[in-house]
Amino acid sequence: MLLDDRRKIGLGLTGFGVFFMFLGALFFFDRGFLAMGNLLFLSGVTMIIGPKATVRFFSRKRSRRGSIAFFSGFLLVLWGWPMIGLIIESYGIFLLFAGFLPTILMFLKKFPPLGALLDKPWVKKTLNKVTPANLPV
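In this report, the structure presented in the accompanying data block is examined. (Residues numbered from 1 in each chain as written. Predicted model: local features only at pLDDT ≥ 70, side-chain atom pairs only at ≥ 80, totals over all residues. Heavy atoms only, no water.)

**With respect to the side chain of S63**
This is how it is decided: Secondary structure elements follow DSSP: runs of H or I of four or more residues count as helices, runs of E of two or more count as strands, with numbering from the N terminus. By definition, residues are in contact when any of their heavy atoms lie within 4.5 Å.
With respect to the secondary-structure elements, S63 resides in the loop between α3 (51–59) and α4 (64–78). Once you skip the residues sitting within four places of it in the chain, S63 turns out to touch F57, F58 and L96.

Shown next as structure tokens:
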């Protein structure tokens, strides 16, 4: 699959968003880093799938709990409660993107060190508890 320039920029923004969220957590839940990470992450997702698809993704009935958790956590970060906000946001991101976890894991299995780790029986057992039942790990 070839990526056009808009999607490449979106992947970069999403990556920087995750990086800034990591820095925000690393620097004792720094509000500025977390807010910047959230904005970059949302901008990146919008650039990757488009504005209409982003609105549809966050407003679907099955994504409602994850969307509410993510945006509530984002607001808590902005209002000065970064630790609680990041925890709620992380829960929302997990709910929103849990359906993509099997695809991500299959992609990671192609890398030699990670593939060997993911083939360990105790890792498979743990992943099968966390991910949906149709996980081919």
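Still more to cover.
**Things to note about α4**
Defined as follows: Here the expected span of a helix is defined as 1.5 Å times the quantity of residues minus one. The classification of residues rests on relative accessible area computed with a 1.4 Å probe and restricted to protein chains. Under 20% of the type maximum is buried, over 50% is exposed, and intermediate values are partly exposed. To be clear, the arc concerns the directions from the helix axis to the C-beta atoms.
Taking 1.5 Å of rise per residue, 15 residues should cover 21 Å, and α4 covers 21 Å from first to last C-alpha, within 8% of that figure. Residues G66, S67, A69, F70, G73, F74 and V77 constitute the buried set of α4. All buried residues of α4 lie within an arc of 165 degrees about the axis, which places them on one face of the element. Relative to its buried face, α4 has exposed residues pointing more than 90 degrees away, namely R65 and I68.

**A word on the packing of helix α2 (residues 31–49) against α4**
Put simply, the rule is: Comment: axis = line fitted to C-alpha atoms, over the contacting stretch for helices; angle = value between 0 and 180 degrees taken between N-to-C directions. Put simply, a crossing is left-handed when the front helix is turned counterclockwise from the back one by less than a right angle, and right-handed when it is turned clockwise. Amino acids outside the nonpolar list (Ala, Val, Leu, Ile, Met, Phe, Trp, Tyr, Cys, Pro) and the charged list (Asp, Glu, Lys, Arg) are all regarded as polar, and Gly is one of them.
The contact between α2 and α4 brings their axes to 9 Å, and the two run at 145 degrees. As for the relative orientation of α2 and α4, their crossing is left-handed in sense. Mapping the contact onto sequence places R31, L34, A35, N38, L39, F41 and L42 in α2 and F70, F71, F74, V77 and L78 in α4. Partitioning the contact of α2 with α4 into residue classes produces 10 nonpolar, one polar and one charged.

Function cannot be read off these values alone, since they describe shape.
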